Amino acid sequence: MPAQMPPVVIEGLERQFTLHKAWEAPDREAFLREVGPTIRGIALGGHTKVDAAFLDRFPKLEIVSSFGVGYDYIDAVEAGRRGIIVTNTPDVLTDEVADLTVGLLIATIRQLPQVDRYLREGRWLEKPYPLTATLRGRKVGILGLGRIGKAVAKRLEAFGLPISYHGRSRQEDVAYDYYPTLVGLAEAVDVLISVAPGSAETDRMVNAEVLRALGPNGVFVNVGRGSVVDEPALIEALRSKTILTAGLDVFADEPRVPKELIEMEHVVLLPHVGSASVETRRAMGQLVVDNLVSWFAGKGPLTPVAETPYRR
Ligand code: NDP
């Protein structure tokens, strides 16, 4: 385990395996030299970059069990080339992240954090909070209609809002309108929700042109990855009122958030808490453990990522 993980993972692994905690080693380099050649499985979260140089340290490595559904910090293609399994924790967090996304959308449009601050500052005693924009009558576009995107769409359908989406291909089994380009989707909607993964392909795909297409009544919500957005272009679009507002749970260089965003009173900013409830984080941790247990019991990985060489 390169960096500390939740107790459910540490305790679950210690029950079944010899667990080496790299973060406790006084000399990380010496530690890696000594135990690296013996390591067969790695459990990690989003703070450890797994590339060819990292994998070189572990010649006996069979599996990397990663906490979280996004694994953009792992070179899964390189791992696959070496026959190393990579697993993530899909599904167990889908509803939690979808709930948070709807909450963030409403909080952003109705300015809930700002309204809360207004009351606490005693300003309600002076006059009522100014009227806000509305979710009513809006059209929603989803970038990345995967597990979480679909769960968000299902919730927003119940809110009576029409849904459309953009992805690399049309999904025949969904009734929502498909737009083959992101600009086309942004032009057609006034709420754009990004739930796309970070990758070389999605890098900064929400750019100035997309934000212009979203327009002056447009609301942008990002719960996918910060890298999917051209952050300086977003800051400029918010500053110049090219779009109305934004609700962001993810940023390009976490945990650092641009000061321009922090200083903007009309945006809502969350510190990457999409899946961050006690129950969901515990379920994710358990799945990190279960993938390793299943693999070393000879039963294969439970949730291998798409690039992984394992076929059931
Ligand atoms: P899925 O793999 O189920 O869905 C991802 C979707 O993104 C797919 O529908 C895919 O559609 C689309 N997509 C992938 N590449 C592209 C591309 N180049 N252009 C357009 N669309 C693309 O993943 P999940 O729904 O489970 O999770 C999505 C992401 O949410 C994670 O990768 C993670 O980054 C983020 N996340 C954030 C959390 C938070 O706390 N804020 C918590 C959990 C996840 P298609 O294949 O048709 O292109």
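Small disclaimer: the values here were computed from a predicted structure and weren't measured. (Residues numbered from 1 in each chain as written. Predicted model: local features only at pLDDT ≥ 70, side-chain atom pairs only at ≥ 80, totals over all residues. Heavy atoms only, no water.)

Moving on, we come to the UniProt feature "domain: D-isomer specific 2-hydroxyacid dehydrogenase NAD-binding" (unreviewed entry) in the chain. Mapped onto this numbering, the UniProt entry gives "domain: D-isomer specific 2-hydroxyacid dehydrogenase NAD-binding" (unreviewed entry) at residues 102-274. Helix makes up 32% of residues 102-274 and strand 14%, whereas the separation of the span's terminal C-alpha atoms amounts to 11 Å. (UniProt positions renumbered as here; feature names shortened; annotations may be inferred. Helix = DSSP H or I, 4+ residues; strand = E, 2+ residues; numbered from the N terminus.)

For the rest of this paragraph, the subject is the layout of surface pockets. A volume near 420 Å³ is recorded for the second largest pocket. Around the second largest pocket sit 22 residues that line it, and Thr-18, His-20, Ile-39, Arg-40 and Gly-41 are the ones nearest its centre. Of all the secondary-structure elements, those providing two or more residues to the lining of the second largest pocket are α2 (28-35), β1 (41-44) and α12 (278-296). Take the lining of the second largest pocket: its biggest share by element is four residues, from α2. Among the residues making up the lining of the second largest pocket, the classes are represented as 16 nonpolar, four polar and two charged. (1 Å grid on protein atoms, 1.4 Å probe; cavity = no way out; pocket = protein on both sides within 12 Å on 5 of 7 lines; lining within 4 Å. Points joined across faces, edges and corners; volume = space filled by probe spheres on them. Nonpolar A, V, L, I, M, F, W, Y, C, P; charged D, E, K, R; others polar.)

Right, let's get into the pairing of strand β5 (residues 163-166). Regular strands place their side chains on alternate faces of the sheet. Judged by which residues are buried, β5 turns out to be covered on both faces: Ile-163 and Tyr-165 on one side and Ser-164 and His-166 on the other are all buried. One ladder, built from four bridges, connects strand β4 (residues 140-143) with β5; its direction is parallel. For Ile-142, the partnering residue across the bridge sits in β5 and is Tyr-165. Crossover handedness for the path β4 to helix α7 (residues 147-158) to β5: right-handed. Pairing between β5 and strand β6 (residues 177-178): two bridges, direction parallel. Note that in β6 the partner of Ser-164 across the bridge is Asp-177. (Buried < 20%, exposed > 50% of the residue type's maximum accessible area, 1.4 Å probe, protein only. Pairing = 2+ DSSP bridges. Right-handed = clockwise from strand over helix to strand, strands pointing away.)

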